[in-house]
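Descriptive structure summary
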Amino acid sequence: SMQLSEETSVVKNPLGERSIPRDRVLSINPTPVLPPTSTQKATITLNAAQTTGNTRTASAVMNLDYTFRYLTHRFVSKLDWTYGEDDDEITKRSTGAEVKYDFFPQDDWYLYTSFSARNDAFADLALRTTAGIGAGIQILDTDSIEWSEESGISALNEDFEVAEDATTSTLRIAGRAEWTLKKE
């Protein structure tokens with residue numbers, strides 16, 4: 001039990017009794033201040049260009065990236081779209097999506113699984129799918145710099161409009177570095 005008076009607080013428990021001056025008590029049962037357990041980051045990039053003169057070209061690119069990190073888990077998703085034309089003839093049209101899950105048994109390394117799908121009408125590619133697993137190391141992970149390297153195996157399947165379809169296994173080696181120059 002606890003008894004409060006103008007000058008002291010008296011704490012009584014099975015171990016005994018103790019008197020504490022009131023000016024030494026900062027708080028009673030304070031809410032602990034915990035570091036954030038999750039982070040989120042989203043990036044949207046839109047680019048477009050048009051030229052006229054000897055040739056008429058137009059192009060557009062859109063990228064959406066989203067990352068969610070919670071304790072030992074990281075989820076990454078990406079979408080992209082590209083379009084280009086030259087003198088009203090399509091020279092580029094592709095879309096793609098990727099999802100990836102990373103599990104961190106320790107702070108500096110992780111296991112991952114990923115899946116991606118892409119099409120590119122200009123390159124005769126109806127659908128390319130990739131599913132893979134692997135491991136990576138997190139070299140840096142601060143507020144301004146992220147750097148990781150990873151490798152693994154993937155199953156690759158390509159469905160073409162005209163050409164013969166292809167299926168193969170691949171070795172995947174990848175790195176990622178991101179440096180935030182200015183934080184708003």
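Residues numbered from 1 in each chain as written. Predicted model: local features only at pLDDT ≥ 70, side-chain atom pairs only at ≥ 80, totals over all residues. Heavy atoms only, no water.

**Looking at the overall build of the protein chain**
- From N to C terminus, the protein chain includes 0 helices and 11 strands.
- Taken over the C-alpha trace, the protein chain has a radius of gyration of 28 Å; the compact-globule value for 184 residues is 16 Å, which it surpasses by more than 25%.
- If you line up the protein chain on its principal axes, its C-alpha atoms span 90 × 45 × 25 Å.
- Expressed as a percentage of the 184 residues in the protein chain, the buried residues total 17%. (Helix = DSSP H or I, 4+ residues; strand = E, 2+ residues; numbered from the N terminus. Rg over C-alpha atoms; globule rule 2.2 N^0.38 Å. Buried < 20%, exposed > 50% of the residue type's maximum accessible area, 1.4 Å probe, protein only.)

**Quick word on the pairing of strand E2 (residues 8-13)**
- Across 6 bridges, the pairing between E2 and strand E3 (residues 16-21) is antiparallel. Counterpart to Val11 in the pairing with E3 is Arg18.
- Counted between consecutive antiparallel strands, the loop separating E2 from E3 contains 2 residues. (Pairing = 2+ DSSP bridges.)

**Considering the sheet that holds strand E7 (residues 89-106)**
- Strand order in the open sheet formed by 8 strands is E4-E5-E6-E7-E8-E9-E10-E11, with antiparallel pairing between adjacent strands. On the outer flanks of this sheet lie strand E4 (38-51) and strand E11 (166-179), each paired with one strand and no other. Averaged over all pairs of adjacent strands, the angle between strand axes in this sheet comes to 15 degrees, irrespective of strand direction.
- Pairing between strand E5 (residues 57-70) and strand E6 (residues 73-86): 14 bridges, direction antiparallel. For Phe68, the partnering residue across the bridge sits in E6 and is Phe75. (Axes fitted to C-alpha atoms, helices over the stretch in contact; angles between N-to-C directions.)

**Comments concerning the environment of Asp107**
- With respect to the helices, strands and loops of the structure, Asp107 is situated in the loop between E7 and strand E8 (109-120).
- Measuring from C-alpha to C-alpha, the distance between Asp107 and Gln138 comes to 7.6 Å, with 31 residues separating the pair along the chain.

**Remarks on the environment of Ile44**
- Here Ile44 shows up in strand E4.
- Taking the relative accessible area as the measure of exposure, Ile44 reaches 62% and is therefore exposed.
- When near neighbours in sequence (up to four residues on either side) are disregarded, Ile44 contacts Asn63 and Leu64. (Contact = heavy atoms within 4.5 Å.)

**So, the side chain of Ser154**
- On the secondary structure map, Ser154 appears in strand E10 (residues 145-160).
- When its relative accessible area of 6% is taken as the criterion, Ser154 is described as buried.
- Ser154 has contacts with Thr130, Ala131, Gly132, Thr168, Ser169, Thr170 and Arg172, leaving out every residue within four places of it along the chain.

**Quick word on the environment of Glu149**
- Looking at the secondary structure, you find Glu149 in strand E10.
- Spatially, the C-alpha atoms of Glu149 and Gly175 are 4.2 Å apart, while their sequence positions differ by 26 residues.
- If sequence neighbours within four positions are ignored, Glu149 has contacts with Tyr110, Gly136, Ile137, Ile139, Ala174 and Gly175.
- A polar contact of 2.7 Å, which involves the side chain of Glu149, links it to the side chain of Trp147. (Polar contact = N/O pair within 3.5 Å; in protein donor to acceptor, adjacent residues only side chain to side chain.)

**Quick notes on the packing of aromatic side chains**
- All chains considered together, the criterion is met by 4 aromatic pairs.
- Judged by centre distance (5.1 Å) and plane angle (40 degrees), the rings of Phe75 and Tyr101 are tilted. Placement of Phe75 in strand E6 and of Tyr101 in strand E7 is noted, with a sequence separation of 26 residues between them.
- On the accessibility criterion, Phe75 (40% relative accessible area) is partly exposed.
- Judged by relative accessible area, which is 27%, Tyr101 ranks as partly exposed.
- Among the aromatic residues, those joined into a ring-pair cluster are Phe68, Phe75 and Tyr101.
- Here the guanidinium or amino end of Arg74 rests over the ring plane of Tyr110, the centre of that ring lying 5.1 Å away. (Phe/Tyr/Trp six-rings, centres within 6.5 Å; stacked < 30°, edge-to-face > 60°. Lys NZ or Arg CZ within 6 Å of the ring centre and 35° of its normal.)

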